[in-house]
Amino acid sequence: LMTDRLGTEQQNVVVQKLAALQAAETKARTETIEKTAQYNQLAAAKANREPLDTVPAIASNPYIQGLKGELATQQRQLTQASKELGERHPDIIKLKGAVENAERKLQTEISNAARAIENDFEAAKSRERQLVADLARQKLEVQSLNGKAVEYTALEREATSNREVLDRLLQRSRETALTRELQPTNIRVLDWADTPV
């Protein structure tokens, strides 16, 4: 009974682990599909020599949007100042430096976002591959455990049958021993004696 309970608990753990791996593998596959779509958009933009900030995942990045806003503000300030001041005015030089710095910062962040998309894509593929391998191993363990459960059931039936046979043999052995102890003698009563007067 104890062995049976432990076997059932082990089987439950193995089956629960299989279910958890199946759920994780499904989630990983969904994530890989999502990351593949972003990666393909990035690759298409690179192949067509389009600006990388046209890729939706990069364009929707709040930090990049903030940098674009800063750049636009500085460009507006430079345009307004250029109308009033000359090219060599210190404020114009300062504003041009700020615009160049903002552009550099924006391009660096766009490159970082593009690299992050590529890294996320590779990581998602790797995670999915690992979970598929883990799931395959777990399925084999479940199959092995099921095979062992069938074998255990057959052995348990055989043990029960052997126990019944042994019980019958022991009972017969006791009966035989008892019969030997009660062995009849060759003496018989032929006539009963009369009581003398």
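A short tour of the structure in this document, coming up. (Residues numbered from 1 in each chain as written. Predicted model: local features only at pLDDT ≥ 70, side-chain atom pairs only at ≥ 80, totals over all residues. Heavy atoms only, no water.)

**Brief notes about the overall build of the protein chain**
Secondary structure summary: the protein chain contains 4 helices and 0 strands in total. Overall, the protein chain shows an N-to-C arrangement of helices and strands of α-α-α-α. Each of the 197 residues in the protein chain was classed as buried or not, and the buried ones make up 17%. Within the protein chain, contacts between residues separated by at least 24 positions form 70% of all contacts whose residues are at least 6 apart in sequence. Working note: accessible area of the protein chain is about 15,300 Å², and carbon and sulfur atoms make up 54% of it. (Helix = DSSP H or I, 4+ residues; strand = E, 2+ residues; numbered from the N terminus. Buried < 20%, exposed > 50% of the residue type's maximum accessible area, 1.4 Å probe, protein only. Contact = heavy atoms within 4.5 Å. Areas by Shrake-Rupley, 256 points an atom, 1.4 Å probe, with all protein chains shown as cover.)

**A few points about the nonpolar core**
One finds Leu42, Val55, Ile58, Ile64 and Leu106 to be the most contacted residues of the largest nonpolar core, which totals 18 residues. Contributing elements (two or more residues each) for this core: helix H1 (2–47), helix H3 (62–84) and helix H4 (90–181). It is H4 that contributes the most residues to this core, 9 residues altogether. If we skip the residues at most four places from it in the chain, Val55 touches Gln38, Gln41, Leu42, Ala45 and Ile117. One finds Val14, Leu18, Ala28 and Leu131 within the second-largest nonpolar core, a separate group that totals 8 residues. (Core = buried A, V, L, I, M, F, W, Y, C linked by side-chain atoms within 4.5 Å.)

**Points about H3**
The end-to-end C-alpha separation of H3 is 34 Å, in line with the 33 Å expected for 23 residues at 1.5 Å each. Buried within H3 we find Ile64, Leu67, Leu71, Leu78 and Ala81. Taking the backbone nitrogen of Tyr63 as reference, a side-chain oxygen 2.9 Å away marks Asn61 as the first, capping residue of H3. (Expected span 1.5 Å × (residues − 1). Polar contact = N/O pair within 3.5 Å; in protein donor to acceptor, adjacent residues only side chain to side chain.)

**Here we look at unusual backbone geometry**
Positive phi values are uncommon outside glycine, yet Arg49 reaches one of about 55 degrees. Tracing the backbone through its elements, the reader meets Arg49 in the loop between H1 and helix H2 (56–59).

**Some thoughts on the environment of Thr32**
Among the residues examined, Thr32 registers a relative accessible area of 8% and is labelled buried. Linking Thr32 and Arg127, residues 95 residues apart in sequence, is a C-alpha distance of 8.7 Å. Setting aside residues up to four positions removed in sequence, Thr32 forms contacts with Ala124, Lys125 and Glu128.

**Overview of the pattern of salt bridges**
Counted under the stated rule, the structure contains 8 salt bridges. Close ionic contact of Glu25 with Arg29 constitutes a salt bridge, the shortest N to O distance being 2.4 Å. With Glu25 and Arg29 both in helix H1 and 4 residues apart, the pair spans about one turn of that helix. According to the relative accessible area criterion, Glu25 is buried, its value standing at 8%. (Salt bridge = Lys/Arg side-chain N within 4 Å of Asp/Glu carboxyl O.)

**Quick notes on the side chain of Lys35**
You can see Lys35 is positioned in helix H1. Apart from the residues lying within four places of it in its own chain, the contact partners of Lys35 are Asp120, Phe121 and Ala124.

**Overview of the environment of Gln75**
With respect to the secondary-structure elements, Gln75 resides in helix H3. Overall, Gln75 belongs to the partly exposed group, its relative accessible area being 33%. Considered as a pair, Gln75 and Val99 are 24 residues apart in the sequence and their alpha carbons are 6.3 Å apart. In this structure, Gln75 is in contact with Val99 and Glu103, ignoring residues within four places of it in sequence.

Remember that the coordinates give geometry; whether it matters functionally is a separate question.
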